Amino acid sequence: MGALSEFEQDMLRELLNVGIGRAAYSLSRMLDEEIVLSAPFLKVLSRQEATELIQNDSDEPVAAVRQSFDGPFQGSALLIYHENTSLELVRRMLKEEVPLATLTELEQESLMEVGNVILNACLGSIANMLGGELRCDLPEYLKGRCETLLQQPAGRVSPALDGCGGSECILLMYVDFSTGGDSLKGYLALLLDMVGMTRLRGEMSHLMERYAG
Amino acid sequence: MPIRSILAVDDSRLARMMLREAVLKSRPECVFREAGTAEEALNATRQQIPDLFLIDLNMPGMNGIDLAMEISRIAPGVPMALLTANIQDKVKLRAESIGLIFLEKPISSDRLGALLAQLDV
C-alpha cells in the first residue's frame, strides 16, 4: 500500500481536529475552565517508528486509554501519556494539591475519563464526516512500555482481519492539552491494519469525490 | 447589500472544499475565494476586500482570532465569522468581544445560508 497523499493527510488532520475541538469543549465543561487542545501534526508511522517517537530515548512507562472500534473500517484508538505527564494531568483535573499516593490511585480513573472524551470525540467526528458509524468498545486503561502497548492487535482480535502483522500502521498525532497557560503533551494514535487502512482510504476517497464536485 | 463575495481561510484543503460547497449550495452566484494561511488571507484581502470572511480558529502560525484582528485593520467593518468545533464559552466570548460571528464546525449549508440571509441588509 502506498503512502498517504498530502491531501489524504490533510483530510485526516481535519477530521481529527474537529474531534479535538469537540473534546476541548467537553473537557472544559467537565473541568469548568478553558481548555486549549491542539493537535499540530499527524504522521503515518510503523509501530517501530511510533514507539521510537513516543519513547524518545526514555524508558519511562506510558499510560494509555485504548478504545477498539469497527464499522466501515476497524482498528483501535489510543490516547498515550508518559507516566509523569499522566499524573500531572490528574493533578490539574483535581485542582488541588494531593499526595502522590492519591494521585496514583486516581490516575487510572481520571485518564480513562479524559481518554473517553477525546477518543469518542475524534472517532465520532471521523464517523460523522465520512457518513458512517463506528461502533466503539468500552475504553480500557493500559500501562507499561510503549513498545508493548503498540504491539497489541490493531482492532478486536479477529484472525480474519488481524493477520497483517508488520503491515499495520499508526496514524499518530501530538495532543497538546493546556490549562492556565501550561501545556501537557500526549499522543493520539490510531492503529489500523492493512484492511482498515485500505477501507479508511476508500471512505476518504468518497468524501473527496463528494466535495471535489 | 447582499453578500456577493467570500474569503474562506482554513489550513485544511478539505475544510475549504466543504465550505465552498456549503456557500455555493446556498448562494451559487457568490464569488468564493480561499486562503490556506493567514499570510495568504492578508494578501488576498489587500488585493480585494470580500463582503464576508469565514475564518478557521486553529491554524498553524497565526490563529483565527489574531488573524481577524489583523484583517479588521485592512477591512474595517466587514463581517467575519470564526469557525471552530471548539465551542467553549470563553472562546466564543473572546470571538464575540471583537465582533466575530461564532460558527460551529463543520458548518451545514442551511446554517451558512441563514447567516448569509441575516447579513444581507
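Everything numeric in this text was worked out from a predicted model, so none of it was measured.

Student: Any chance you could explain the overall build of chain A here in plain terms?
Tutor: Broken down by element type, chain A carries six helices and eight strands. Going residue by residue from the N terminus, the α and β elements of chain A occur as α-β-β-α-β-β-α-α-β-β-α-β-β-α. Among the 213 residues that make up chain A, the fraction classed as buried is 53%. Considering only residue pairs separated by 6 or more positions, chain A has 72% of its internal contacts joining residues 24 or more positions apart. When the accessible area of chain A is evaluated, it comes to approximately 9,200 Å², of which 48% is carbon and sulfur surface.

Student: So what exactly am I meant to see when it comes to the layout of surface pockets here?
Tutor: Rolling a probe over the atoms, with the probe sized like a water molecule, indicates the empty space that remains. A volume near 500 Å³ is recorded for the largest pocket. Around the largest pocket, the lining is made up of 20 residues, and of these A:S38, B:L57, B:N58, B:M59 and B:N63 lie nearest the centre. Going through the elements one at a time, α1 (6-31) and β1 (36-38) of chain A together with α4 (89-97) of chain B are the ones with two or more residues in the lining of the largest pocket. In terms of residue count, β1(A) provides more of the lining of the largest pocket than any other element does, three residues in total. In terms of residue class, the lining of the largest pocket is made up of ten nonpolar, six polar and four charged. Its volume calculated, the second largest pocket comes out at about 310 Å³. Lining the second largest pocket are 17 residues, and of these A:R210, A:Y211, B:M18, B:P106 and B:I107 sit closest to its centre. Mapped onto the lining of the second largest pocket, the elements with two or more residues apiece are α1, α4 (100-130) and α6 (194-212) of chain A together with α1 (13-26) of chain B. Considering every element that reaches the lining of the second largest pocket, the biggest residue donor is α4(A), with five residues. The residue makeup of the lining of the second largest pocket, split by class, is eight nonpolar, five polar and four charged.

Student: Quick question: what am I supposed to make of the pattern of salt bridges here?
Tutor: Close approach of charged atoms allows side chains with opposite charge to pair. Taken as a whole, this structure holds 16 salt bridges over all chains when the rule is applied. In this structure, the salt-bridge partner of B:E104 is A:R22, at a minimum N-O distance of 2.8 Å. In this pair, B:E104 is assigned in strand β5 (residues 101-104) and A:R22 in helix α1, connecting two distinct chains. Here B:E104 falls in the partly exposed class, since its relative accessible area comes to 39%. Put simply, A:E14, B:D10, B:D56 and B:K105 are held in one network by salt bridges that share partners.

Here is what the cut-offs are and how they apply
Here the residue numbers are simple positions, counted from 1 along each chain's written sequence. Chain letters start at A and ligand numbers start at 1, both assigned in the order the entries are written. Owing to the predicted nature of the model, reporting of local features is limited to residues with pLDDT of at least 70; listing and counting of side-chain atom pairs is limited to 80 or more, with chain, interface and lining totals taken over all residues. Note that the side-chain values use all heavy atoms of the structure and ignore hydrogens as well as water. Secondary structure elements follow DSSP: runs of H or I of four or more residues count as helices, runs of E of two or more count as strands, with numbering from the N terminus. Partly exposed residues are those whose accessible area sits between 20% and 50% of the maximum for their type, while under 20% is buried and over 50% is exposed, using a 1.4 Å probe and protein chains only. By definition in these notes, contact holds between two residues if any of their heavy atoms fall within 4.5 Å. Every accessible area reported is derived by Shrake-Rupley at a probe size of 1.4 Å, with residue values counting cover from the shown protein chains alone. Here a cavity means grid points, on a 1 Å grid over the protein atoms only, where a 1.4 Å probe fits yet cannot get out; a pocket means an open set of points with protein on both sides within 12 Å along at least five of seven lines; lining residues are those with an atom within 4 Å of a point. Grid points are joined across faces, edges and corners, and a volume is the space filled by probe spheres set on the points. All residues other than Ala, Val, Leu, Ile, Met, Phe, Trp, Tyr, Cys, Pro, Asp, Glu, Lys and Arg, Gly among them, are scored as polar; the first ten of these are nonpolar and the last four charged. The term salt bridge refers to a pairing of a side-chain nitrogen on Lys or Arg with a carboxyl oxygen on Asp or Glu at a separation within 4 Å.

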